[in-house]
Amino acid sequence: QMHMVESGGGLVQAGGSLRLSCEASGRTLSSVQVGWFRQAPGKDRNFVAAITRYASNRKYADSVKGRFTVSRDNAKNTVYLQMNDLKPEDTAVYFCASRPSASAVLRTATGDYDAWGQGTQVTVSS
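All of the points below concern the structure found in this document. Quick caveat: nothing in here was measured; it's all calculated off a predicted structure. (Residues numbered from 1 in each chain as written. Predicted model: local features only at pLDDT ≥ 70, side-chain atom pairs only at ≥ 80, totals over all residues. Heavy atoms only, no water.)

## Considerations on the overall build of the chain
- Per the secondary structure count, the chain includes 0 helices and 11 strands.
- For the chain, the sequential pattern of α-helices and β-strands runs β-β-β-β-β-β-β-β-β-β-β.
- Its C-alpha radius of gyration of 13 Å places the chain within 12% of the 14 Å reference for a compact globule of 126 residues.
- Summarising its shape, the C-alpha atoms of the chain cover approximately 40 × 30 × 25 Å along the three principal directions.
- For the chain, the residues scored as buried account for 44% of the 126 residues in total.
- Considering only contacts in the chain between residues 6 or more positions apart, those separated by 24 or more positions represent 60%. (Helix = DSSP H or I, 4+ residues; strand = E, 2+ residues; numbered from the N terminus. Rg over C-alpha atoms; globule rule 2.2 N^0.38 Å. Buried < 20%, exposed > 50% of the residue type's maximum accessible area, 1.4 Å probe, protein only. Contact = heavy atoms within 4.5 Å.)

Structural data, given as structure tokens:
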């Protein structure tokens, strides 16, 4: 079973940047796709970004395209989410999740991922 732990959240002003990290253990990171999701208070958990096992393919939600970048370092068992030009509407708890797959197709539904971290809070002030 993959175990995921997020870090790097915090409070930032609009226009600022944060880099989230997702450290994995329990299985080889290169065996899984990894997705980032976020959940604002009272809202559903929504897809943000995902990356294939060796970073050959990445996918982003329309709301973050051009501002967020997902990357991974399998040797460090870590996936990153670089978030630039942050907006107040980016405020949410951010989660990483994994799914074993060798496919080049990336999934965006929460139900497609089977191992989740506990989340890290990102707050963007206006």
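Having seen it, we continue.
## Observations regarding the packing of aromatic side chains
- Scanning the entire structure with this criterion turns up 5 aromatic pairs.
- Ring geometry for phenylalanine 37 versus phenylalanine 47: centroids 5.8 Å apart, planes at 75°, classification edge-to-face. Residue phenylalanine 37 is located in strand β4 (residues 32-39), and its partner phenylalanine 47 is located in strand β5 (residues 45-51); the two are separated by 10 residues in the primary sequence. An identical accessibility class is assigned to phenylalanine 37 and phenylalanine 47; each is buried.
- For the ring pair tyrosine 113 and tryptophan 116, a centre distance of 6.5 Å and an interplane angle of 65° mean the geometry is edge-to-face.
- According to the relative accessible area criterion, tryptophan 116 is partly exposed, its value standing at 27%. (Phe/Tyr/Trp six-rings, centres within 6.5 Å; stacked < 30°, edge-to-face > 60°.)

## Regarding the environment of serine 101
- Examined against the element boundaries, serine 101 turns out to sit in the loop between β9 (92-100) and β10 (115-116).
- Looking at serine 101, the relative accessible area reads 13%, which means it is buried.
- Between the C-alpha atoms of serine 101 and serine 7, which are 94 residues apart in sequence, the distance is 24 Å.
- Sequence-distant contacts of serine 101, defined by excluding residues within four places in its chain, comprise Ser31, Val32, Gln33 and Arg53.

## Here's the deal with the nonpolar core
- The biggest cluster of nonpolar side chains holds 35 residues, and the ones touching the most others in it are Trp36, Leu81, Met83 and Tyr94.
- Of all the secondary-structure elements, those providing two or more residues to this core are β3 (18-25), β4, β5, β7 (68-73), β8 (78-83), β9 and β11 (120-125).
- At 5 residues, the largest contribution of residues to this core is made by β5.
- Other than its neighbours up to four places away in sequence, leucine 81 contacts Leu18, Arg19, Leu20, Trp36, Val48, Ala49, Phe68, Thr69, Val70 and Tyr94. (Core = buried A, V, L, I, M, F, W, Y, C linked by side-chain atoms within 4.5 Å.)

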